[in-house]
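Residue-level listing of the chains:
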Amino acid sequence: MNYQKSYRTILTVSILWAIAILGVTPATAEPIRTLKDYLDQCVSPNDEAELNPECERLQEAGKAREESLNDESNEESEPGRELRRSRDRANQTEATSGISGYAGATLGAFFPDIDESQGFFTGNDTEVDDTAFGSSIYGGIKFSRYLATDIELSGFIGDVDSDLDEDESYSLGAFFLNPRFILPFGQRRNSLALFFSPGVGVSQLTSTVEDEVDDFDRTIFVEDDIRFTWQVKGGITVPVSRKFSILGQVRYASQTGDDALDYFGTELGVNFDF
């Protein structure tokens, strides 16, 4: 009898235990379909509460998805980095590439210091205008971003006031060989830059008298001797495009010998790289 009673007790307890397990398991294993379900079942205010097994699966899936997105982001960014590297290499190649050519022209005002008493100027009471206008053209070779050399033709013309009835003027023509030292402010070959350019060459000062003889115009050239001349000039180039820039410069030049001519100039111009 006691055996039957014990058996019933064990059977009852087993049934109640199974019911308890079955009652808890469906609740903890129910699917999570919304954010509210996730917050209610996976973000538990009680650390001792048992979480829904679906929570762990969703968290693992989220981590896998995050790692996948990071990998894709890295793969997408790699071509961008490679493109930037290629551009940097191209810029460096352009900046350090070999010999190239350049040419340009300038216009400006010149301020010569001329001895008005010398017989070079015809007429009495001669007064030489101390402001003249001129130009220059040049072309040369650029060995690097920092060093170049060019040849230059420059000149200017001014007026002479005297007691002659005829028109009188003076002009100077010069030929120079100029090294050029460049200080660029960018990586590209044609970038904002300062330059300094000393030069040596020759120049000739000429006085011109125009009069009228028998209804015909006549021009008389009174030429001075050719003088060795040196100059220094410096300025800045401002790029407009890859091969074209504008420049501003100042120069000082001086002839050698007695009664030498000195002059100062301020100029604006253009420069082409090719």
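Here, every reference points to the structure presented above.
These lines cover the structure that appears in this document, whether it is placed above or below. (Residues numbered from 1 in each chain as written. Predicted model: local features only at pLDDT ≥ 70, side-chain atom pairs only at ≥ 80, totals over all residues. Heavy atoms only, no water.)

**Considerations on the overall build of the protein chain**
Operational definition: Only DSSP runs of H or I with at least four residues qualify as helices, and only runs of E with at least two residues qualify as strands; both kinds are numbered from the N terminus onward. Between buried and exposed lies partly exposed: a residue is buried under 20% and exposed over 50% of the maximum accessible area for its type, with that area taken using a 1.4 Å probe on protein chains only. Any pair of residues with heavy atoms lying within 4.5 Å of one another is described as a contacting pair.
Looking only at helices and strands, the protein chain has three helices and 10 strands in total. Beginning at the N terminus, the succession of helices and strands in the protein chain can be written as α-α-α-β-β-β-β-β-β-β-β-β-β. Within the protein chain, the proportion of its 274 residues that are buried is 31%. By sequence separation, contacts in the protein chain at least 24 residues apart represent 62% of the contacts at least 6 residues apart.

**A look at the pairing of strand β1 (residues 100–113)**
The line we're drawing: Here a strand pair is declared whenever DSSP counts at least two bridges between the two strands.
As defined by bridge partners, β1 adjoins strand β3 (residues 132–142) across 11 bridges and the pair is classed as antiparallel. Pairing of glycine 104 across the sheet is with tyrosine 138, part of β3. When β1 meets strand β10 (residues 262–273), the two strands line up antiparallel, connected through 12 bridges. Residue pairing across strands places aspartate 113 opposite aspartate 262, the latter belonging to β10.

**Description of the packing of aromatic side chains**
Quick note on the threshold: Any Phe, Tyr or Trp ring, taking Trp's six-membered ring, that has another such ring centre within 6.5 Å forms a pair; planes under 30 degrees apart are called stacked, those over 60 apart edge-to-face, and the others tilted. Should the NZ of a Lys or the CZ of an Arg lie within 6 Å of a ring centre and within 35 degrees of the ring normal, that charge is described as sitting over the ring.
Scanning the model with the defined rule gives six aromatic pairs in all. Ring centres of phenylalanine 110 and phenylalanine 156 lie 5.1 Å apart, and the angle between their planes is 20°; this geometry places the pair in the stacked category. Of this pair, phenylalanine 110 sits in strand β1 while phenylalanine 156 sits in strand β4 (residues 147–161), and the two are 46 residues apart along the sequence. Each member of the pair, phenylalanine 110 as well as phenylalanine 156, is classed as buried. Three or more aromatic residues joined by ring pairs make a cluster, and in this case those are Phe110, Phe156 and Tyr263. Sitting above the plane of the phenylalanine 195 ring, arginine 180 keeps its charged end 4.5 Å from the centroid.

**Re empty space enclosed by the protein**
How we decide: Note on definitions: the grid is 1 Å and covers protein atoms alone; a cavity is a set of points where a 1.4 Å probe fits but cannot get out; a pocket is an open set with protein on both sides within 12 Å along at least five of seven lines; lining residues have an atom within 4 Å of a point. Grid points are joined across faces, edges and corners, and a volume is the space filled by probe spheres set on the points.
Considering all chains together, one arrives at one cavity of 30 Å³ or more under this definition. Within this model, the largest cavity holds a volume of roughly 170 Å³. In this structure, the largest cavity is lined by 15 residues; those nearest its centre are Lys142, Ile182, Ala193, Thr237 and Asn271. When residues of the lining of the largest cavity are traced back to their parent elements, those giving at least two are β5 (167–184), β6 (193–213) and β10.

**Here we look at the nonpolar core**
Applied cut-off: Joining through side-chain atoms within 4.5 Å is the link that ties buried Ala, Val, Leu, Ile, Met, Phe, Trp, Tyr and Cys residues into a set, and such a set is a nonpolar core.
Among the nonpolar cores identified, the biggest contains 14 residues, and Phe156, Tyr170, Leu172, Leu261 and Tyr263 are the most heavily contacted of them. Among the secondary structure elements, those contributing two or more residues to this core are β4 and β5. Residues Tyr102, Ile182, Ala193 and Leu247 belong to the second largest nonpolar core, which totals six residues.

**Looking at a negative patch on the surface**
Counted only if it meets this: Patches in this entry comprise residues that are over 30% relatively accessible and not in a salt bridge; like charges within 9 Å are linked, as are nonpolar side chains (Val, Leu, Ile, Met, Phe, Trp, Tyr) within 5 Å. Accessibility throughout is a Shrake-Rupley quantity obtained with a 1.4 Å probe, and a residue counts as covered only by protein chains that appear here. The salt bridge criterion pairs a side-chain nitrogen of Lys or Arg with a carboxyl oxygen of Asp or Glu, the two atoms within 4 Å. Positive charges come from Lys and Arg alone, negative charges from Asp and Glu alone, with His and the N- and C-terminal ends not counted. Here the site of a charge means atom NZ of a Lys, CZ of an Arg, CG of an Asp or CD of a Glu.
A surface patch of like charges, here negative, comprises Glu127, Asp129, Asp130, Asp159, Asp161, Asp167 and Glu210. Checked against the element boundaries, aspartate 159 lands in strand β4. With a relative accessible area of 48%, aspartate 159 lands in the partly exposed category.

**Let's talk about the environment of threonine 206**
Relative to the elements of secondary structure, threonine 206 occurs in strand β6. By relative accessible area, which is 10% here, threonine 206 ends up buried. Each C-alpha atom of the pair threonine 206 and serine 171 lies 5.3 Å from the other, and the pair is 35 residues apart in sequence.

**A few points about the pairing of β10**
In regular strands, side chains alternate between the two faces of the sheet. Only one face of β10 is covered, namely the face carrying Tyr263, Gly265, Glu267, Gly269, Asn271 and Asp273; the face carrying Asp262, Phe264, Thr266, Leu268, Val270 and Phe272 is uncovered. With 11 bridges joining them, strand β9 (residues 244–255) and β10 adopt antiparallel strand pairing. Among the inter-strand pairings, alanine 253 is bridged to a residue of β10, identified as tyrosine 263.

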